[in-house]
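As a plain string of letters, each chain reads:
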Amino acid sequence: MATKKNIEQVNLIDTFKDFKETKNIDRTTLVSVLEDSFRSVLQKTFGSDENFDVIVNPDKGDFEIYRNRTVVADGEVENPNAEISLSEAQKIDKDYEIGEEVAEKVNFSDFGRRAILTLRQTMASKILDLEHDNLYNKYVDKVGTIVSAEVYQIWKREVLLLDDEGNELLLPKSEQIPSDFFRKGEPARAVVARVDNLNNNPKIILSRTAPEFLQRLLENEVPEINDGLITIRKIARIPGERAKIAVESYNDRIDPVGACVGVKGARIHGIVRELRNENIDVINYTSNIKLFITRALAPARISSIDLDENEKKAQVYLQPDQVSLAIGKNGHNIKLASMLTDYTIDVFRELDGSEESDEDVYLDQFSDEIDQWIIDSIKGIGLETAKAVLDAPREMLIEKADLEEDTVDEVLNILRQEFEEDGNEN
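Residues numbered from 1 in each chain as written. Predicted model: local features only at pLDDT ≥ 70, side-chain atom pairs only at ≥ 80, totals over all residues. Heavy atoms only, no water.

Take the nonpolar core next. Formed by 49 residues in total, the largest nonpolar core has its most connected members in Ile 293, Ile 345, Ile 378 and Leu 383. Counting residues per element, this core draws most heavily on helix H15 (residues 405–425), at six residues. Ignoring anything within four residues of it in the chain, the contact list for Ile 293 reads Ile 305, Leu 307, Ala 314, Val 316, Thr 341, Tyr 343 and Ile 345. Ile 225, Val 257, Val 272 and Val 282 belong to the second-largest nonpolar core, a separate cluster that totals 25 residues. (Core = buried A, V, L, I, M, F, W, Y, C linked by side-chain atoms within 4.5 Å. Buried < 20%, exposed > 50% of the residue type's maximum accessible area, 1.4 Å probe, protein only. Helix = DSSP H or I, 4+ residues; strand = E, 2+ residues; numbered from the N terminus. Contact = heavy atoms within 4.5 Å.)

What follows is the structure, encoded as structure tokens:
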């Protein structure tokens, strides 16, 4: 019949086997963790672990502990943990003499159930810390790269994914494309945005809205980028809506835009689908800032540009029929152009010969008739003058400036009256 001590010893060995089979830890590290766990308990039990030898064999799931004590004369034992009397030593082996060292095998079960429980808790804590360290080191090196994982749980504020090793990855709502839709069990791709490690509890945060996600997709899809023949100079995104990418080639024989788009759009179409039909404009980068702004505002045709390089501001003049194209649906085109070029871009309608007598008026001059917050909202989408507002689509003013329909109509009436009065005076 198995004794209580033997049962506890077997359970302890089973614990080792569980760790070996379920934890993704190499053998050398596991041995070190197990030995440290034993020594931690020995330290608490005897006050010191320096005179103990701990031998762990995780392959077999067993272990041995030996206590080394120096033989002293009977009655002169001062430290029972480090010393053994001659008579006690000779019970082990009659040939022992004073001054020799006795190596005696220790049965860990003799330490009691509390020591065994402490060992298991210490072991679990150390291995958990080790797992956290491994997880952090694995993903901190992957920041900025794309990972694919399986959707495991979908919550209101985030989606939980599991990688091939069962590690948990988080995709917050703020990092999801607005039209993203996930199903449990399906694979999803995202870029590793950051790794938080509060109290050694790493959290891997993914993103599908970061410019780096689009950049990595392009690198995977376009060999010339991966080979260094084409460089992505800047990316501006409104996730799920539209993006602009500035690319440059160091080889005159390579068309960077054509290489990124591919024959009949073959290369870009897969990326567009991954980004939930996000429209992607690819343009040639240039250090000529006026030309760069001109390209960034495409498809609008620019008449002229005035730059303030110190303030990083650009005043862009266009024909009336080009103003709405420059601004774009919901103001996306001008916003992305500003993000891409790092310039604040203001759009102005260029007057032709028949309109030269009609002077434009800045919106701030209507502050006695229009609330300042309304003026600021309109200026916030790049419309600085009365005629620029009158030339802009009414729907754009409602959606992009976030104004009520009645408010927009009232503003338009006030601005029209200004020019009607000027016409009557003439």
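Around the barrel, five strands lie side by side as S5-S6-S7-S9-S8; this closed barrel has mixed pairing. Recorded for the sheet is a direction-independent mean angle of 55° between the axes of neighbouring strands. Here strand S8 (residues 187–198) runs beside strand S9 (residues 201–207); their pairing, made up of seven bridges, is antiparallel. The residue of S9 that forms the bridge with Val 192 is Leu 206. Where helix H5 (residues 211–221) meets the sheet, it contacts strand S5 (146–154), S8 and S9, and its direction lies at approximately 130° from that of S8. (Pairing = 2+ DSSP bridges. Axes fitted to C-alpha atoms, helices over the stretch in contact; angles between N-to-C directions.)

Mean pLDDT for the protein chain: 85, with 89% of residues reaching 70 or above. Contacts from residues 1–8, a stretch scored under 50 in pLDDT, to residues over four places away or in other chains number eight contacts. The low-confidence segment residues 353–357, where pLDDT is below 50, has two contacts with residues more than four positions distant or belonging to other chains. (pLDDT = per-residue confidence, 0-100.)

Take the environment of Phe 292 next. Summarising the element assignment, Phe 292 is placed in helix H9 (residues 289–296). The class of Phe 292 is buried, set by a relative accessible area of 4%. Look past the residues within four positions of Phe 292 in its chain and what remains in contact with it is Ala 246, Ile 283, Asn 284, Tyr 285, Thr 286, Leu 340 and Thr 341.

Here the focus is the packing of H9 against helix H11 (residues 332–341). Packing of H9 against H11 brings their axes to within 9 Å, and their N-to-C directions diverge by 145°. Crossing hand, H9 versus H11: right-handed. On H11, the residues touching Ile 289, Phe 292, Ile 293 and Ala 296 of H9 are Asn 333, Ala 337, Leu 340 and Thr 341. (Left-handed = near helix turned anticlockwise from the far one by under 90°.)

So, about the sheet that holds strand S14 (residues 313–318). Spatial strand order, S13-S14-S15: three strands in an open sheet with mixed pairing. Because the sheet does not close on itself, it has two edges, and the strands there are strand S13 (304–308) and strand S15 (344–349). Ignoring strand direction, the axes of neighbouring strands in this sheet form an average angle of 20°. Relative to S15, S14 is paired through six bridges, and the arrangement is parallel. Paired with Lys 313 across the bridge in S15 is Thr 344.

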